[in-house]
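The chain contents come next:
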Amino acid sequence: MGEQIVTNTDPLPEPGKAGPPRKSAGSARKTSARKSTGDDPAAEPTSAAKTPAGKATAKGTPAKKAATGATAKKATPKKAPAKKAAPKKAPAKKAAAQAVPADKAVREAPTEPGAAQTAPADKAVREAPTEPAAAQTAPAEQAVQEAPAEQAAAQTVPAEQAPREAPAKSVATEIEVRNPANGTVIGRVPVDTPDAVAEKVRQLRLYQPEWEAIGAQGRKRWLLKLQDWLIDNTDHLADVLQSETGKPRVDALIDPSFAVDLIGYYARRAGKFLADEHPSPHSPLARVKRLTTVYRPYPVVGVITPWNFPLAMPALDVIPALAAGAAVLLKPSEVTPLSALELARGWAEIGAPPVLAVATGAGETGAAVVNTVDYVQFTGSTRTGRAIAAACVDRLIPYSLELGGKDPAIVLADADIDRAAYGIAFGGLFNAGQVCISVERVYVEEPVYDEFVAKLTEHVRELRQGTDGRESRYDIGALANEAQRDIVSRHVEDAVAKGAEVLTGGKPTGVGTFFEPTVLVGVDHGMACMTEETFGPTLPVMKVADEAEAVALANDSIYGLSASVWTGDKSRGERIARQLNAGAVNINDVFANLFNFALPMGGWQQSGVGYRWGGADGVRKYCRKQAVTAPMLPTQQKELFWFPYSTAKLGFALGAMRAAGARGMRRLGIRDVLDTVEGKGK
C-alpha cells in the first residue's frame, strides 16, 4: 500500500466519551526531505506547526527496509492553530474504556519483515553519548533548522538594487523514519511543537487524579490487560522493531517479551510497594502519635528514551510510572519512534484511561517535555543529560538520568577462559554493541592473555551479520544511523594510528550502517576506544600484570555504569567487585543485573544520577513522600510547648526529652534542665 500521512489533530474526547472520527490523511503537510543525525532522544532541535504528537505515519512495507537515520521533512512555516479550549467537564469518576485516542496513529505492520539487525532487544540500552547531534534542551528560537545556503536570510545585493526581504526559515513538520540497513523510508511521524506538548500535558493532568484514585489494584487490572495485548501482538511488534532498528529477528522478539516480564513484576507488586508505612517512633515520647508515610505520585512524568531498544526502553520507565499512579508523556527518539507509538496504540486499544501519551519530534520537542512535566526520567548521552539536569534544576523538579558508560571486563588467570570469551563477546557485541552496559574494554591477566585473545577472536569471526526476515539467520545487525557508524570507525582508526592491531573486523561492510564485529589488541588508555564510549561492535583487549593493575585501569574512567569480573573464585570476584566504581558488577556473567528487577539500575560518576528501577524504589521514585501524624490518645486543650510559655511545663518537657535521648548520668540531669529554663544555669 502507499505511504500514509496521518496528522489526526482531533481533540481528545471528554472523559467517558468516544472521540470524533479521524481526519483524512490529506491534512498532513509534506515538504522536501532533510536528513537528521538521529542522535539522542531529544536530538537536534526542530520546530513545527502544531500537530498533536503520537500520530505516526508509515508505509505498509516490509521490515526489510533499512535506515540511516531519521529524516526531517521541512515546510514553509505557517501559523500554529489556536489552542483548543479545555474540556468543560471534569473527568468522570469512572475510568471508562475509550475509543482509540487521537495519539493512536501508528504505522502498519510490515508485511514482509526483514531488517538488518542487532542483538537481543531485552537489554536496556541508551544512545551513544558522543554522537554529534546529541539531544539538547535548546531555546525555541534556536530550534529551527537552518535553511539551505541559497535561501540564506541575509544576502549581499548590489547597491543599485532595492533591498529585498530574506525568505523565512523553513520549519520541520514531520520526520521520516528509516531502516538503518539500507535507508528505506518505513514511516513518518509529526514533529510536536511546544504548544502541542503543553496541550498533551494538560490533557494528562485532567485524567491523572482518577488514575491515582483507582488505587494499585485498579491500575494492576489495566497493566495486565496491556501485558495480554503485548503477548497477542508480539509478531507485529517484532516486525515494527526490525523495520526501524535493523535488529535480528531474535532480538526483536525478545524486546516485547522483556516488557511483558517487567509489567508482571510491577503490576503485581506495586500495591505492596506503595502501601502506607508506619515507622516506629524514635522516642517513647513520640508514641502518642501514629506516624504514616504516604506515597503520592507526581501528576505527570516525562519519559525520554533512546533509539537502541525502542519498545523495551519505554516499558522500563513507563510501566513503573503508571503503576505508581502517574500519567506519562513518552518522548521516544526521533530515530525509532514507531515502537513507542505501538505501545500507546496498545494502551488505547485495551480501553485504558487516557493517561499515556506520546510526543514525537527531536530536540525542541524533548525540551518542551522537560519544561512542562513534574518529573523527568531520561536515558541517553551524558551531554544531553547535563542539559536536562540544568533545566530541571531551574524548574526545581526532580529527575533521574541513566547516561553513558565505558564498562570494563576483568579476566583473571583462574577464570574459565572459554566462558569468559563467549560471555565477553556477547556482552560487547549484543545489539551491535549499542547497549548502555556493553563490555567496551577488556583487561586480561598476562598468564592467560594469549589464550583468551585467541578464543575471543575465533568466536567473533564465527558471528553472522546481516538482515533477517521473520526467520532467524543472523547474530549481529546494523548500527542505528550513519553518525553512529562514523563514531565506531573513528575509534578504530584512532587506535590503529596509535599502534593497535585489528585481529578481525575493523571496518564498515559497505552495506547500510553495518560495521564488522571487531577485536583490537595492543591498546592503551591513550586511545579513544578505551576512554570514550564507542557504542558499537568493538572489543579492545589490554594485557595487565595482575589484579591490582586491572582494578586500577577499570576505575580509570569518568563513567561507572556496570562491570564484570571473570574468575574461578567467587569470593575473590565479590572482593574485587567492591573495589570497582560501578553501579553494578556481574561475576562470570554480563547483563545479569538488568534482568533482575529487584536490583537497582543506576550509574555512578558521569553515568547517571539516581536509579532507573530496582524493587520498591523503582516505583516509589515516581512518588512524593508525605508524612502524616495523628494523635493516638485523647488530645488536651494545649500542648506543653504552646503559648504562653510556662517555665515549669517547658522544664518538664525538656527533661523528658533528655531522659529519653541522652546517655549515662546525663539522662538524669532533670535539675540541670530546670535551672537552665529558669535562668540559673552554669
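Since the model is a prediction, treat every value here as computed from it, not as a measurement.

Evaluation of the coordinates by the stated rule reveals 27 salt bridges. The salt bridge partner of R620 is E277, with a shortest N-O separation of 2.9 Å. Note that R620 is positioned in helix α15 (residues 617-620) and E277 in the loop between α4 (249-273) and β6 (289-297), a separation of 343 residues in sequence. We classify E277 as partly exposed; its relative accessible area is 31%.

Another aspect to go through is the side chain of S557. Note that S557 resides in the loop between α13 (547-554) and β17 (562-566). Residue S557 is classed as buried on the basis of its relative accessible area of 16%. Discounting chain neighbours no more than four positions away, the residues touching S557 are K406, R441 and Q605.

Along helix α7 (residues 363-370), eight of the eight residues are buried, which leaves the element largely enclosed by surrounding structure. Within the span of α7, buried status applies to G363, E364, T365, G366, A367, A368, V369 and V370. Of the surrounding secondary structure, the elements contacted by the buried residues of α7 are α1 (194-213), β7 (300-304), β8 (327-331), β10 (375-379) and α8 (382-395).

The positions that UniProt labels "active site" (unreviewed entry) are, in the present scheme, E402. Its place among the elements puts E402 in strand β11 (residues 399-402).

Right, let's get into the sheet that holds β8. Ordered in space as β9-β8-β7-β10-β11-β19, the six strands form an open sheet in which the pairing is mixed. Each end of this open sheet is capped by a strand with a single partner; those strands are β9 (356-358) and β19 (608-609). Relative to β10, β7 is paired through four bridges, and the arrangement is parallel. For V303, the partnering residue across the bridge sits in β10 and is Q377. This element, α1, spans β7, β8 and β9 of the sheet and lies at about 155° to β8. Across the sheet, α8 touches β7, β10 and β11, and the angle it forms with β11 is around 175°.

Relative to each other, helix α2 (residues 215-232) and helix α6 (residues 338-349) sit at 120°, their axes nearing to 9 Å. With respect to each other, α2 and α6 are oriented oblique. Considering how the two elements wind past one another, α2 and α6 form a crossing that is right-handed. Contact with α2, carried on its side by W222, L223, L226, W229 and L230, involves E342, L343, R345, G346, W347 and E349 of α6 and no other residues of that element. Partitioning the contact of α2 with α6 into residue classes produces seven nonpolar, one polar and three charged.

Closest axis-to-axis distance for the α2/α4 pair is 9 Å, and the angle between their directions is 170°. For the element pair α2 / α4, the angle class is roughly antiparallel. The handedness of the crossing between α2 and α4 is left-handed. For the pair α2 and α4, contact is made by A216, K220, L223, L224, L226, Q227, L230 and I231 and by A259, V260, I263, G264, A267, R268, A270 and G271, respectively.

Cut-offs applied
- Residues numbered from 1 in each chain as written.
- Predicted model: local features only at pLDDT ≥ 70, side-chain atom pairs only at ≥ 80, totals over all residues.
- Heavy atoms only, no water.
- Salt bridge = Lys/Arg side-chain N within 4 Å of Asp/Glu carboxyl O.
- Helix = DSSP H or I, 4+ residues; strand = E, 2+ residues; numbered from the N terminus.
- Buried < 20%, exposed > 50% of the residue type's maximum accessible area, 1.4 Å probe, protein only.
- Contact = heavy atoms within 4.5 Å.
- UniProt positions renumbered as here; feature names shortened; annotations may be inferred.
- Pairing = 2+ DSSP bridges.
- Axes fitted to C-alpha atoms, helices over the stretch in contact; angles between N-to-C directions.
- Parallel < 35°, antiparallel > 145°, perpendicular 65-115°, else oblique.
- Left-handed = near helix turned anticlockwise from the far one by under 90°.
- Nonpolar A, V, L, I, M, F, W, Y, C, P; charged D, E, K, R; others polar.

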